Amino acid sequence: EHWAASPHKGKIESRVGEAYELLQALAREGAKFDLVFLDVDKPGYYDMYKLVMDSGMLKVGGLLAVDNTMYKGEELSGVQLSVNGKGAQALNEGLLADKRVHQVMLPLRDGLTLAFRES
């Protein structure tokens, strides 16, 4: 109801479903965004990141924001990583290896990573 009252209602589209499937549909449609925010199932983070980047969904010059990238501090604590911790670790390692982006991890709550797409 709030979107309907907004002067920007024509720019807003709500899609509900499994995140990876929704991202695949957006990629097939050729969707392009200046900003992508991921806060989904942590084990799927890296696959979703690859889809967003490899499909060109995140425009060059765009910003990717990913929540919970320090997942409960598991990597730093030395404990065995949970499934979610492993997902966050896979994304973090993938970001570090990807020369298309410059990234910074902000230690806000459970970690927020911002990645600027340079190429």
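Residues numbered from 1 in each chain as written. Predicted model: local features only at pLDDT ≥ 70, side-chain atom pairs only at ≥ 80, totals over all residues. Heavy atoms only, no water.

(A) The arrangement of the packing of helix α2 (residues 19-28) against helix α3 (residues 45-54) in detail. One way to put it is that α2 packs onto α3 with a least axis distance of 10 Å and a crossing angle of 10°. Taken as axis vectors, α2 and α3 run roughly parallel relative to one another. Contact residues: Ala19, Tyr20, Leu23, Gln24 and Ala27 in α2; Asp47, Met48, Leu51 and Val52 in α3. (Axes fitted to C-alpha atoms, helices over the stretch in contact; angles between N-to-C directions. Helix = DSSP H or I, 4+ residues; strand = E, 2+ residues; numbered from the N terminus. Parallel < 35°, antiparallel > 145°, perpendicular 65-115°, else oblique. Contact = heavy atoms within 4.5 Å.)

(B) View of the pattern of salt bridges. Enumeration over the complete set of coordinates arrives at seven salt bridges. Here Glu13 makes a salt bridge to Arg15, at a shortest N to O gap of 2.6 Å. On the accessibility criterion, Glu13 (56% relative accessible area) is exposed. Residue classification places Arg15 among the partly exposed residues on the basis of a relative accessible area of 29%. Between Lys42 and Asp39 there is a salt bridge, and its shortest N-O distance comes to 3.2 Å. We classify Asp39 as partly exposed; its relative accessible area is 39%. Three or more residues are tied together by salt bridges with common partners; here these are Glu13, Arg15 and Glu29. (Salt bridge = Lys/Arg side-chain N within 4 Å of Asp/Glu carboxyl O. Buried < 20%, exposed > 50% of the residue type's maximum accessible area, 1.4 Å probe, protein only.)

(C) Spatial organisation of the layout of surface pockets. There is about 470 Å³ of room inside the largest pocket. Listing elements by their share of the lining of the largest pocket, those giving two or more residues are α2 and β1 (33-38). The greatest single-element share of the lining of the largest pocket, amounting to five residues, is contributed by β1. (1 Å grid on protein atoms, 1.4 Å probe; cavity = no way out; pocket = protein on both sides within 12 Å on 5 of 7 lines; lining within 4 Å. Points joined across faces, edges and corners; volume = space filled by probe spheres on them.)

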